[in-house]
Amino acid sequence: MRVKICGITQPEQGKAIAQLGATTLGFICVSASPRYVTCQQIRAVVEQLPDNIERIGVFANATVEEIYQVFADSGLTGVQLHGDESPEYCLKLRQVLPNTEIIKALRVKNSQALEQIDIYTNCVDTLLLDAYHPQQLGGTGKTLDWNTLETFNPQIPWLLAGGLTPDNILNALSQVIPHGIDLSSGVEIAPGDKDLRKVARLFEQLGDGESLIRNS
Ligand SMILES: O=C(O)c1ccccc1N[C@@H]1O[C@H](COP(=O)(O)O)[C@@H](O)[C@H]1O
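Owing to the predicted nature of the structure, the values given are computational and were not obtained by experimental measurement.

### Comments concerning the overall build of the protein chain
Helix and strand counts for the protein chain come out as six helices and ten strands. Relative to the compact-globule value of 17 Å for 216 residues, the protein chain shows a C-alpha radius of gyration of 16 Å, a close match. C-alpha extents for the protein chain along the principal axes are approximately 40 × 40 × 30 Å. Within the span of the protein chain, comprising 216 residues, buried residues form 53% of the whole. Sequence separation of at least 24 residues holds for 57% of the intrachain contacts in the protein chain that already meet a minimum separation of 6. In the structure as shown, the protein chain presents an accessible area of about 10,000 Å², 46% of it carried by carbon and sulfur atoms. Averaged over its 17 positive side-chain charges, the protein chain has a centre that lies 3 Å from the centre of its 25 negative ones.

### Looking at the pairing of strand β3 (residues 54–59)
Each regular strand shows side chains that alternate between the opposite faces of the sheet. Within β3, five of the six residues are buried, leaving the element largely enclosed by the surrounding structure. Direction of pairing for strand β2 (residues 24–28) relative to β3: parallel, over a ladder of five bridges. Within β3, the residue paired with Ile 28 across the bridge is Val 58. Sheet topology note: the β3/strand β4 (residues 78–81) ladder contains four bridges and is parallel. Each residue of the ladder has a partner; that of Ile 56, found in β4, is Gly 78. Note that the unit made of β3, helix α3 (residues 64–74) and β4 has a crossover that is right-handed.

### Description of the nonpolar core
Counting 60 residues, the largest nonpolar core has Ile 5 and Leu 129 as the members making the most contacts within it. In this structure Leu 129 touches Leu 106, Val 108, Leu 114, Ile 117, Leu 144, Leu 149, Phe 152, Trp 158, Leu 159, Leu 160 and Ala 161, once residues within four positions along its chain are discounted. Counting residues in hydrophobic clusters, the runner-up holds six residues, among them Ile 56, Ile 103, Ala 105 and Leu 159.

### A closer look at the sheet that holds strand β6 (residues 126–131)
With respect to topology, eight strands assemble into a closed barrel ordered β1-β2-β3-β4-β5-β6-β7-β8, the strand pairing being parallel. On average, each strand axis in the sheet is tilted by 25° relative to the strand beside it, whichever way the strands run. The sheet contacts of α3 involve β3 and β4, and relative to β4 the element is tilted by about 145°.

### Regarding the UniProt feature "domain: N-(5'phosphoribosyl) anthranilate isomerase (PRAI)" (unreviewed entry) in the protein chain
Taking the UniProt record as the reference, the feature "domain: N-(5'phosphoribosyl) anthranilate isomerase (PRAI)" (unreviewed entry) is found at residues 3–204. Within the segment residues 3–204, helix and strand shares are 27% and 22% respectively, and the terminal C-alpha atoms sit 13 Å apart.

### Side note on the packing of helix α2 (residues 39–46) against α3
Viewed as axis vectors pointing N to C, α2 and α3 meet at an angle of 35°, and their least axial separation amounts to 9 Å. By crossing handedness, the relation of α2 to α3 is classed as right-handed. Here Cys 39, Ile 42, Arg 43 and Val 46 of α2 come into contact with α3, specifically with Val 70, Asp 73 and Ser 74. Residues belonging to the contact of α2 with α3 are distributed by class as follows: four nonpolar, one polar and two charged.

### Examining the packing of aromatic side chains
Scanning the entire structure with this criterion turns up one aromatic pair. Look at Phe 152 and Trp 158: their rings are 4.8 Å apart centre to centre, the planes differ by 85°, and that puts the pair in the edge-to-face class. Each member of the pair, Phe 152 as well as Trp 158, carries the same accessibility label: buried. It is Lys 104 that lies over the ring of Tyr 120; its NZ or CZ is 5.7 Å from the centre.

### Comments concerning α3
The complete set of buried residues in α3 reads Val 64, Ile 67, Val 70, Phe 71 and Ser 74. Within α3, the buried residues cover an arc of 130° as seen down the axis, which keeps them to one side. Summarising the geometry of α3, the exposed residues directed more than 90 degrees from the buried face are Glu 65 and Ala 72. The elements touched by buried residues of α3 are α2, β3, β4 and α4 (87–96). Just beyond α3, the residue with positive phi is Gly 75, at close to 80°.

Scoring rules and cut-offs
Residues numbered from 1 in each chain as written. Predicted model: local features only at pLDDT ≥ 70, side-chain atom pairs only at ≥ 80, totals over all residues. Heavy atoms only, no water. Helix = DSSP H or I, 4+ residues; strand = E, 2+ residues; numbered from the N terminus. Rg over C-alpha atoms; globule rule 2.2 N^0.38 Å. Buried < 20%, exposed > 50% of the residue type's maximum accessible area, 1.4 Å probe, protein only. Contact = heavy atoms within 4.5 Å. Areas by Shrake-Rupley, 256 points an atom, 1.4 Å probe, with all protein chains shown as cover. Lys, Arg positive; Asp, Glu negative; His and termini not counted. Charge placed at Lys NZ, Arg CZ, Asp CG, Glu CD. Pairing = 2+ DSSP bridges. Right-handed = clockwise from strand over helix to strand, strands pointing away. Core = buried A, V, L, I, M, F, W, Y, C linked by side-chain atoms within 4.5 Å. Axes fitted to C-alpha atoms, helices over the stretch in contact; angles between N-to-C directions. UniProt positions renumbered as here; feature names shortened; annotations may be inferred. Left-handed = near helix turned anticlockwise from the far one by under 90°. Nonpolar A, V, L, I, M, F, W, Y, C, P; charged D, E, K, R; others polar. Phe/Tyr/Trp six-rings, centres within 6.5 Å; stacked < 30°, edge-to-face > 60°. Lys NZ or Arg CZ within 6 Å of the ring centre and 35° of its normal. Arc of directions from axis to C-beta.

Here it is in structure tokens:
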């Protein structure tokens, strides 16, 4: 199973989290976030990582040009769009950044929001479901109602996000079958400061729950 740990700000923490078993690290490129990192900070983390670790930049309502500039300067391998980006915008970004994974995050307010998801399946590589929050775009620690996702089965791979922690991950994965998971505040001491003990416990839990994780 793909395991993305998001909101990395420190090189030693990025390296340690990759060693603990993360397949993917995420970097918040949204300036209003307390987890925001510059291209220089992303590069400092990336330099510590083995090549097989995926490196995703998280953006929200940025211009294609802004994303291109960060991408060129930082060693990212993919982009996560966490704002209100349209399918047309995603297609334009795909033209500008070919051979780059594009993940569209959808902040799910209710079950009707899931119906909107089909319009993205031809425009991006991966979907990510996060919880809706009226004031914040992400990193909120709020969980989705996993019950409503039991039959969620889009045509492209998808990641479950939103308030996941080492304590609730097996419960979530007993109800939902994503291709991967994404955690941020659930493995932190404070925004942007990851708790390596919590990350280690997450991987212990995932190891213990292997038989539960049907899609690994
Ligand atoms: O983490 C942030 O500060 C952030 C800011 C703007 C957009 C997205 C952000 N984080 C993303 O939120 C989800 C869920 O986070 P959590 O586990 O509930 O804390 C995750 O995909 C982050 O990439």
